[in-house]
Amino acid sequence: MPLVDELAAAGVGPGRLLGVAIADEVGLAAGGQRWNASVDDLAGVDAALHPRWTWWGRSTAVVGLRLSACWDVAAVHRLLVGGVADEPALVWATTFGLALDGLPADGQLDFVNAGTADGDEDDPVRPDGYVRPDWVGDGWHRDVDRPARWAEVAVRCAERQRAQLDALDAGGDPVLTAWSESAAELLCAELEVEGLPIDVDVADELITAIAGPRPRDEADATRLRAERDRRVTQWARDVDLRNPGEVRELLARIGVDVPDTRSWRLEPLRDSHPLVAALLDWRKAERVATTYGHSWLAAHVRDGRLRGRWSGSDGAAGRMTAQAGLHNLPAELRPAVVAEPGHAFVRADLGQIEPRVLAVVSGDAELARAGAADDLYAPVAQRLGVERSVAKVAVLAAMYGQTSGTAGEALRGLHRGYPVAMRYLDDAYERGRAGRDVRTHGGRLVRMPALGTGLDESGVRAAQGGRGRYARNALVQGAAAEFFKMWAVTVRARLAPLDARIVLCLHDELLVHVATADADEAAALLRSCLDETAQRWQRERTAVRFVADISTIQRWSQAKA
DNA sequence: TCGGTCACGTA
DNA sequence: CGTACGTGACCGAG
């Protein structure tokens, strides 16, 4: 019987979990049965049955086939319990409630469990319930039958996770979040392969203009570095510009007294002395020279693509992160991000995403009404009876916890005008302060760190305040990240028929590299996917609009600010 | 060699 | 005393 029929007979169908693990052999598992298959089989199975492909994580995932629905056990684990640890043995033990201090480690004799650890070595789960340590890593593909067995336990884990998600008390839909977080991992894997198109010649010119030419050798590098330094050290010999302490003393000598030498602090004093201006310009050049210079280009750009590692949900709030400078490329270098011949970029960035998200997750009907406007701050300003700019600062201050500055009066207005949203933020702050974990709208657990030891009373207060701001911010930023990823993976799925790829995700911005002929269609898709995501994510409880600025451009720098 | 601090890039 | 992240230089402890 053909594979598709066998799978269908075993109950595999749309949305049903189908375990898969890819090594030299491709193992499949569903409904208590296991199969070996080839990579070529998978696209056909996907098209015919639309299963939810279930894998342990990216190392067992299928990259390149653009499968759409998946369940990433590692990603869902991080959603359920927070943090970044997601190794299969730990995930399994956590999911099934096994003691983590009994977690067996590979390569060490386990005398305590020696009697119970035997059993069938071709079963990835030991009699005592733990995953065999010699199966993790690459142990699961040492034998032709193992990938299917490895896929089978991934499905068992996923089913248990599903039940836990169903039981979660979160404002949103944790299962929906699990689906999109899983797809986001797949997107990350594809982003790592795809890379961001870079015109290396343009990049080279920009870097040279800012930081100087590419050093020929070590000695040349030293000479060029000294040359850069001289623009500042002409004012004061023998000062180590890379030593903030020395720089601060130097500034004091010319009458500039600052607590630290950060550029935002020095910028207002730029014209007070030529040295300050020279120092600020030097810092700018030095940043490019050291972090985004010729060595960065050589290390991370190959074949006209900037590639780095991508993480689907990192840190506290579960934002995506990227390495190799993909997320912090200085604006001056963005002209080097150029679409390839016959292609264009479609760029889309969400507008006012965090206050809109707050309106949904807090369930504040009044803020949701404001969120129905193209410009959310306009109705807020009207309600508060203040200038738009004041309203904006107040809303941002409320979300981020700023207490200094001039937001005070408007902040009180916010409490009166939007009590539900403000209470949501205050509750998060209080929970964090007290050290209680919080869960985002989509169900991600954000664990509060323990207070440091040896703190005095004011130290404790400061640490608690920090934790409160952390929790409050995590709920807004985290929900925004969940919304963004749902949008991104929807776009990913809908773009599949086109000659188009997402090449960058930047918290509220998507960059799609697309054949020129498909650019208009891609732009329309970004818009319709946003509407679709807005519907699905907030269901019908509120009517917040989610807006995006979408443009078709040749280079990233052409995007309007 | 390592973690902490400073600094600065992005959102 | 607004948050998150990645990166690199430097410092001081080990």
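Residues numbered from 1 in each chain as written. Chains lettered and ligands numbered in written order. Predicted model: local features only at pLDDT ≥ 70, side-chain atom pairs only at ≥ 80, totals over all residues. Heavy atoms only, no water.

Let's talk about the pattern of salt bridges
Evaluation of the coordinates by the stated rule reveals 39 salt bridges. The salt bridge involving Glu185 is made with Arg78; its shortest N-O contact spans 2.7 Å. Taken together, the residues Glu185 in helix H6 (residues 174-194) and Arg78 in helix H3 (residues 73-81) connect sequence positions 107 residues apart. For Glu185, a relative accessible area of 6% gives the class buried. When the shortest N-O distance is used, the salt bridge between Asp260 and Arg262 registers 3.5 Å. The exposure class of Asp260 is buried, given its relative accessible area of 16%. (Salt bridge = Lys/Arg side-chain N within 4 Å of Asp/Glu carboxyl O. Helix = DSSP H or I, 4+ residues; strand = E, 2+ residues; numbered from the N terminus. Buried < 20%, exposed > 50% of the residue type's maximum accessible area, 1.4 Å probe, protein only.)

Notes on the confidence of the model for chain A
On average, residues of chain A score 91 in pLDDT, and 96% of them are at 70 or above. The weakest mean pLDDT in chain A belongs to helix H9 (residues 244-253) at 86; the strongest belongs to helix H5 (residues 146-166) at 98. (pLDDT = per-residue confidence, 0-100.)

Notes on the sheet that holds strand S11 (residues 343-351)
With respect to topology, 4 strands assemble into an open sheet ordered S14-S15-S11-S16, the strand pairing being antiparallel. The open sheet has two edge strands, strand S14 (500-505) and strand S16 (547-553), and neither has a second partner. Between one strand and the next, the sheet's axes are offset by a mean angle of 20°, whatever the strand orientation. (Pairing = 2+ DSSP bridges. Axes fitted to C-alpha atoms, helices over the stretch in contact; angles between N-to-C directions.)

Some thoughts on the nonpolar core
Judged by nonpolar contacts, the single largest core of 103 residues is most densely connected at Val380, Leu414, Trp487 and Phe546. Counting residues per element, this core draws most heavily on helix H19 (residues 457-495), which supplies 13 residues. Counting 23 residues, the second-largest nonpolar core is a separate cluster that includes Val76, Trp150, Val153 and Val175. (Core = buried A, V, L, I, M, F, W, Y, C linked by side-chain atoms within 4.5 Å.)

Some points on the state of the cysteines
Each disulfide is one covalent bond, formed between the sulfur atoms of two cysteines. Summed over the entire model, instances satisfying the criterion amount to 0 disulfides. Summary of cysteine pairing: Cys70 is not part of a disulfide, and the nearest cysteine sulfur, belonging to Cys188, is at 11 Å. Between Cys505, a cysteine without a disulfide, and Cys188, which holds the nearest cysteine sulfur, the sulfur-to-sulfur distance is 7.0 Å. Taking the relative accessible area as the measure of exposure, Cys505 reaches 1% and is therefore buried. (Disulfide = S-S within 2.5 Å.)

Remarks on the packing of aromatic side chains
Taken as a whole and judged by the stated rule, the model has 10 aromatic pairs. Geometrically, the ring pair formed by Tyr292 and Trp296 is edge-to-face, given 5.9 Å between the ring centres and 80° between the ring planes. Taken together, the ring pairs in this structure connect Trp56, Trp92, Phe96, Trp135, Trp140 and Trp150 into an aromatic cluster. Over the ring of Trp556 we find Arg334; its NZ or CZ atom is 3.8 Å from the centre of that ring. We note Arg383 situated over the ring of Tyr418; from NZ or CZ to the ring centre the distance is 5.5 Å. (Phe/Tyr/Trp six-rings, centres within 6.5 Å; stacked < 30°, edge-to-face > 60°. Lys NZ or Arg CZ within 6 Å of the ring centre and 35° of its normal.)

What to know about the protein's contact with DNA strand B
If you check the shell around DNA strand B, you find 18 residues, and the closest are Thr261, Ser263, Arg283, Arg334 and Asp508. Taking the atoms of DNA strand B that fall within 4 Å of the protein, sugar and phosphate contribute 79% of them. At 2.9 Å, a side-chain N or O of Arg287 approaches a sugar or linking oxygen of DNA strand B. In this structure, Arg334 approaches DNA strand B through a side-chain N or O atom, which is 2.9 Å from a sugar or linking oxygen. Tallying contributions element by element places helix H11 (residues 274-290) first for the surface near DNA strand B, with 3 residues. A class-by-class count of the residues in the surface near DNA strand B yields 5 nonpolar, 5 polar and 8 charged. (Near = heavy atom within 4 Å. Polar contact = N/O pair within 3.5 Å; in protein donor to acceptor, adjacent residues only side chain to side chain. Nonpolar A, V, L, I, M, F, W, Y, C, P; charged D, E, K, R; others polar.)

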